[in-house]
Amino acid sequence: MRVTVVGAGIAGLTTALALSEGGATVTVVERSATLGADACSRYAGGMLAPWCEAESAEPLVTRLGQEALAYWPRVFPETIRRGSLVLAPARDAPDLDRFARRTTEHERLDAEGIAALEPDLAGRFRQGLFFPREAHLDPRRALASLADRLSARGVAIRFGEAFDPDGHSRDTVADCRGFAGADRLPDLRGVKGEMLILRCPGVSLSRPVRLLHPRWPLYVVPRGDGVFMLGATMLESGERHRVTARSVVELLSAAYTLHPAFAEAEILEMGADARPAFADNLPRIRAQGPRVAVNGLFRHGFLLSPALARRAADYILHGTQDPEVMDENPRQQRSA
Amino acid sequence: MEVYGVTLASRLLLGTALYPSPAILAEAVRRSGAEVVTVSLRRESGTERAGQAFWSLIRDLGVRVLPNTAGCHSAREAITTAQMAREVFGTNWIKLEVIGNHDTLQPDVFGLVEAARALTTDGFEVFPYTTEDLVVGERLLDAGCRVLMPWGAPIGSGRGLNNLYGLRAMRAHFPDVPLVVDAGIGLPSQACQAMELGYDGILLNTAVAKAGDPARMAEAFANAIRAGREAFLAEPMPPRDMAEPSTPVLGMAFR
């Protein structure tokens, strides 16, 4: 079977790999000139945190997300499994209790427990939660590793090629275009996220740290070599690329709360993009004739793409439908 | 409740921020029975109407939209946001917030009165988020407001009615002005208490959005608000210090 995958973001590359491993002849087309240049995956945190996400996401995200913990170490050996840490300043302790109530697979930490895990945070926080089974990765390196793996399997990624809906009529098309796919998915919306990348040799962290705050929730993901990714705002907007001063101030003041040494950090990069999301913020595989859309991964691209890719490949290659992630086009449902 | 010539059967006004997803928000609005939802424009707007998808989800709820100026720290900022809101939602209604302190989210009542005056002159119908201060309330009415929305407690704190005496005094001082408790409500019992005081409505957001089951909490609030209103109309008995038996004891056998 020949399949054209449209989009070389995280959804497209994982779907292409699953299809290729399943025996299909796969080609990937990507509108941008280089890998990840125009993909919102580029700005991801890369946290593989199915249990933490249960704080605001549906149980399905936690269930599907656990597949990522087996998938990424296999596909991208640089995946780091050291768990994740959730902290709250003393005055926001009720938020930590709420987080603990809404999530599972965590251990309560006191000041000593926090210091034992992250010595640089010693004496700064009195209570936290540790999710030992979670992991993290560097999204850009993971994308590159997926591309290498595809190329080793003979899967070509054709860059600089815009999607032509009628141009691949003989192939099955897996439409993995993220927010750009909204032209075919009227119920898809963008949720803007802004992030920063800092170099701060004065701070050392071994694992992602989430700082709870009623207005400015922040996470810091260590990328190694004193580099940190700070994320991320959540704004109901399909706007891409524009980072506002206000968001930067909020992210940085939250980082400063986590550790004052961040005040001296060098800002390496600021970025923003629109996460693709359906109204329930859950992902979908939607069959539209010979086209199959894989979309709506929202803020869970690296967490959910392994599960979605596998199900998309199962559907395309064998017709297997998983009702948890597959739906009819709502327009077709209404007219039926 | 009647505000600016519009009669509302539901006395619950619901905020649309902080929900886990728009789908859960829609379900919460449905089960709350709210006829008015507040929407924040400031952060979502961006440069090119990029929030359209979310706003059309809000419009699809089929309820009246009360745009707000959440996050504005000056009269000028609030006025600009209100004008933008009128364009986007085609309504003259505006929930006016001018924040004086970004940590406590306490209203800046001076900026509030200034912005209220400018906006009513410009044809807006202003719902001011204020404190329980009576003089500020009078100034807001002078500025053209026809409804007052005092806080129960700081925004998002869920502490209920912090100044019961002040809120009671406010109700007595403005017997004919619609009064809506806006902010600080965490539990249905607190909303019920405000309604028992004779308040006309409750505006809340976090207590529903951050509940484990927002839609269920929305319905709980709707029930509590209805109960409080009925209790107010039914004229509660006055409390007293000593027990008073509800059946006569004099002459009962074996006493």
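Residues numbered from 1 in each chain as written. Chains lettered and ligands numbered in written order. Predicted model: local features only at pLDDT ≥ 70, side-chain atom pairs only at ≥ 80, totals over all residues. Heavy atoms only, no water.

*Asks:* Could you give me a rundown of the overall build of chain B, with the residues and numbers involved?
*Replies:* When helices and strands are counted, chain B shows nine helices and 10 strands. For a compact globule of 255 residues, the expected C-alpha radius of gyration is about 18 Å, and chain B comes in at 20 Å, within 12% of that figure. Principal axes of the C-alpha set define a box for chain B whose edges measure 85 × 40 × 35 Å. Counting every position in chain B, which comprises 255 residues, the buried fraction comes to 52%. (Helix = DSSP H or I, 4+ residues; strand = E, 2+ residues; numbered from the N terminus. Rg over C-alpha atoms; globule rule 2.2 N^0.38 Å. Buried < 20%, exposed > 50% of the residue type's maximum accessible area, 1.4 Å probe, protein only.)

*Asks:* Can you tell me about the nonpolar core, naming the residues and giving the values?
*Replies:* If you look at the biggest cluster of nonpolar residues, it comprises 77 residues, and the most contacted ones within it are Leu-96, Val-126 and Ile-202 of chain B. Of all the elements, helix H3 (residues 75-89) of chain B adds the most residues to this core, at seven residues. Discounting residues that sit within four places of it in the chain, Ile-202 of chain B has contacts with Arg-11, Leu-12, Leu-13, Val-180, Val-181, Ile-185, Ala-191, Ala-194, Met-195 and Ile-225 of chain B. Within the second largest apolar cluster, 71 residues are counted, among which are Leu-17, Ala-24, Val-28 and Met-229 of chain A. (Core = buried A, V, L, I, M, F, W, Y, C linked by side-chain atoms within 4.5 Å. Contact = heavy atoms within 4.5 Å.)

*Asks:* Can you explain helix H1 (residues 22-32) of chain B? Please cite residues and give values.
*Replies:* Taken together, the buried positions of H1 of chain B are Pro-22, Ile-24, Leu-25, Ala-28, Val-29 and Ser-32 of chain B. Around the axis of H1 of chain B, the buried residues are gathered within 155° of arc, so they sit on the same side. Among the structural elements, strand E10 (189-199) of chain A together with strand E3 (12-15), strand E4 (36-40), helix H2 (52-59), helix H8 (206-209) and helix H9 (214-233) of chain B are those in contact with the buried residues of H1 of chain B. Backbone geometry just downstream of H1 of chain B places Gly-33 of chain B in the positive-phi region, at approximately 70°. (Arc of directions from axis to C-beta.)

*Asks:* For the interface of chain B and chain A, give the residues involved together with the corresponding values.
*Replies:* Counting from both sides, the interface comprises 23 residues of chain B and, opposite them, 23 residues of chain A. Between chain B and chain A lies a buried interface of about 1,900 Å² when both sides are counted; carbon and sulfur atoms form 46% of it. Connecting chain B to chain A are zero salt bridges. For the pair chain B and chain A, the number of links is four residue pairs in polar contact (both at pLDDT 80 or more). (Buried area = accessible area lost by both parts, 1.4 Å probe. Salt bridge = Lys/Arg side-chain N within 4 Å of Asp/Glu carboxyl O. Polar contact = N/O pair within 3.5 Å; in protein donor to acceptor, adjacent residues only side chain to side chain.)

*Asks:* Could you give an account of H3 of chain B, naming the residues involved and the relevant values?
*Replies:* For an α-helix, 3.6 residues make a turn, and residues three or four places apart therefore share a direction. Over its 15 residues, H3 of chain B runs 21 Å from end to end, which matches the ideal 21 Å to within 8%, given 1.5 Å per residue. Elements that come into contact with the buried residues of H3 of chain B comprise E4, H2, strand E5 (64-68), strand E6 (93-96) and helix H4 (109-121) of chain B. (Expected span 1.5 Å × (residues − 1).)

*Asks:* Describe the domain arrangement of chain A, and please don't skip the residues or the numbers.
*Replies:* All names here are of chain A. Assigned domains of chain A: these are domain 1 (2-44 + 138-188 + 279-335) and domain 2 (84-132 + 190-277). Between the C-alpha centres of domain 1 and domain 2 the distance comes to 29 Å. Listed per partner, the contact involves 21 residues of domain 1 and 19 residues of domain 2. Around 1,600 Å² of area is buried between domain 1 and domain 2 when both sides are counted, 58% of it from carbon and sulfur atoms. Three residues stand out in domain 1 for area buried against domain 2, namely Tyr-43, Phe-179 and Phe-298, and they jointly supply 42% of the buried area on that side. (Domains from an automatic or database assignment.)

*Asks:* Provide a residue-level description of the environment of His-136 of chain A, including the pertinent values.
*Replies:* Residues and elements named next belong to chain A. With respect to the helices, strands and loops of the structure, His-136 is situated in strand E7 (residues 135-136). Between the C-alpha atoms of His-136 and Arg-101, which are 35 residues apart in sequence, the distance is 23 Å. Discounting residues that sit within four places of it in the chain, His-136 has contacts with Gly-46, Met-47, Leu-48, Thr-79, Ile-80, Ser-206, Arg-207, Pro-208, Val-221 and Pro-222.

*Asks:* Run through the pattern of salt bridges, naming residues and quoting values.
*Replies:* Pairs may arise between side chains of opposite charge once their charged atoms sit close together. All names here are of chain A. For the structure on display, the rule yields 35 salt bridges over all chains. Across the pair Glu-239 and Lys-192 runs a salt bridge, and its minimum N-O distance is 2.6 Å. Remark: Lys-192 occurs in strand E10 and Glu-239 occurs in the loop between strand E13 (227-231) and helix H6 (245-258); sequence separation between them is 47 residues. The same class applies to Glu-239 and to Lys-192, which are both buried.

*Asks:* I'd like a description of the environment of Cys-72 of chain B, backed by residues and values.
*Replies:* All names here are of chain B. Looking at the secondary structure, you find Cys-72 in the loop between E5 and H3. Given a relative accessible area of 0%, Cys-72 falls into the buried group. Spatially, the C-alpha atom of Cys-72 lies 26 Å from that of Gly-166, the residues being 94 residues apart in sequence.

*Asks:* Go over the pairing of E4 of chain B with me, naming the residues and quoting the values.
*Replies:* Residue and element names in this part refer to chain B. The element E4 is largely enclosed, with a buried count of four among its five residues. Judged from the three bridges that link them, E3 and E4 form a sheet pairing that is parallel. Residue pairing in the sheet places Leu-14 in a bridge with Val-37 of E4. In this fold, E3 hands off to H1, which returns the chain to E4; that crossover is right-handed. Summarising the sheet, E4 and E5 pair through five bridges and their orientation is parallel. Within E5, the position partnered with Val-37 by the bridge is Val-65. (Pairing = 2+ DSSP bridges. Right-handed = clockwise from strand over helix to strand, strands pointing away.)

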